[in-house]
Amino acid sequence: MATTKKTSKPGSPALVAPGERAVLLSHHEYQLARAQGNGLDGYDLVMRNPEDADAAGQPLSEDERWQAVPAGKYLKHRAMEWREAGSLDELPTQWQELAQDRDPFPQSES
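Residues numbered from 1 in each chain as written. Predicted model: local features only at pLDDT ≥ 70, side-chain atom pairs only at ≥ 80, totals over all residues. Heavy atoms only, no water.

**Student:** When you look at the overall build of the protein in this model, what are you seeing that I'm missing?
**Tutor:** From N to C terminus, the protein includes four helices and four strands. When the elements of the protein are put in sequence order from the N terminus, they spell out β-α-β-α-β-α-β-α. Burial analysis of the protein (110 residues in total) assigns 35% to the buried set. In the protein, of all internal contacts separated by at least 6 residues, the share reaching a separation of at least 24 is 41%. Put simply, the protein shows about 7100 Å² of open surface, and 47% of that area lies on carbon and sulfur atoms. (Helix = DSSP H or I, 4+ residues; strand = E, 2+ residues; numbered from the N terminus. Buried < 20%, exposed > 50% of the residue type's maximum accessible area, 1.4 Å probe, protein only. Contact = heavy atoms within 4.5 Å. Areas by Shrake-Rupley, 256 points an atom, 1.4 Å probe, with all protein chains shown as cover.)

**Student:** Explain helix H1 (residues 27-35) to me, please; I cannot follow it from the model alone.
**Tutor:** An α-helical turn contains 3.6 residues, so any two residues separated by three or four positions project in the same direction. Listed as buried for H1 are Glu29, Tyr30, Leu32 and Ala33. Within H1, the buried residues cover an arc of 160 degrees as seen down the axis, which keeps them to one side. Along H1, exposed side chains directed more than 90 degrees from the buried face belong to Arg34 and Ala35. Looking at the buried side of H1, the elements it contacts are strand E1 (22-24), strand E2 (43-48) and helix H3 (74-79). (Arc of directions from axis to C-beta.)

**Student:** Teacher, can you tell me more about the nonpolar core here?
**Tutor:** Across soluble globular proteins, nonpolar side chains have a tendency to be buried as a group. Residues Ala22, Leu24, Tyr30, Ala33, Leu40, Tyr43, Leu45, Met47, Val69, Ala71, Tyr74 and Trp82 constitute the largest nonpolar core, which totals 12 residues. The greatest single-element share of this core, amounting to three residues, is contributed by E2. Filtering out sequence-adjacent residues up to four positions away, Val69 remains in contact with Tyr43, Asp44, Leu45, Met47, His77 and Trp82. With eight residues, the next largest nonpolar core counts Leu25, Ala85, Trp95 and Ala99 among its residues. (Core = buried A, V, L, I, M, F, W, Y, C linked by side-chain atoms within 4.5 Å.)

**Student:** What is the right way to look at the confidence of the model for the protein in this model?
**Tutor:** Close inspection of predicted coordinates is inappropriate in any region flagged by low pLDDT. The share of residues in the protein with pLDDT of 70 or more is 80%, and the mean pLDDT across the chain is 80. In the model of the protein, helix H2 (residues 62-65) stands out as the element of lowest mean pLDDT, 82, in contrast to H3, which has the highest, 95. Here residues 1-10 is a poorly scored stretch, pLDDT under 50, and it has 16 contacts once near neighbours within four places are set aside; other chains count. (pLDDT = per-residue confidence, 0-100.)

**Student:** For this particular structure, what's the right way to read the pattern of salt bridges?
**Tutor:** It is possible for side chains bearing opposite charge to pair when their charged atoms get close. Counted under the stated rule, the structure contains four salt bridges. Two residues, Glu84 and Arg78, come together in a salt bridge whose shortest N-O distance is 3.3 Å. Looking at Arg78, the relative accessible area reads 38%, which means it is partly exposed. A salt bridge links Arg83 to Glu90, with the shortest nitrogen-to-oxygen separation between them at 2.2 Å. (Salt bridge = Lys/Arg side-chain N within 4 Å of Asp/Glu carboxyl O.)

**Student:** Whenever I open this one, the side chain of Ser26 confuses me. Can you help?
**Tutor:** Its place among the elements puts Ser26 in the loop between E1 and H1. Looking at Ser26, the relative accessible area reads 1%, which means it is buried. Every residue in contact with Ser26, bar those within four places of it in the chain, is listed here: Leu45, Pro104 and Phe105.

Okay, here's the thing in structure tokens:
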């Protein structure tokens, strides 16, 4: 079953139906999901693996380094030096396509 793409307002992460998971593309979307107060159990957050190789020692491509990890484990991954994207250009193409109808990297106000 596909993740619902309805949003409550521009720039907000996708609403999640029971049993589905939505993918958050940025720290901004992670903060919005937390602010909704429904917990992070239904969300994954795209983060970059800092390792150059997988568990078997095989080199990772740039696309493979970006993975959707459970959003509830965000702090654990940050402690292991994983990080989220800072801009749309930083994400591989497969994740950029998800951002077409949302604004995961809003411009900061000056």
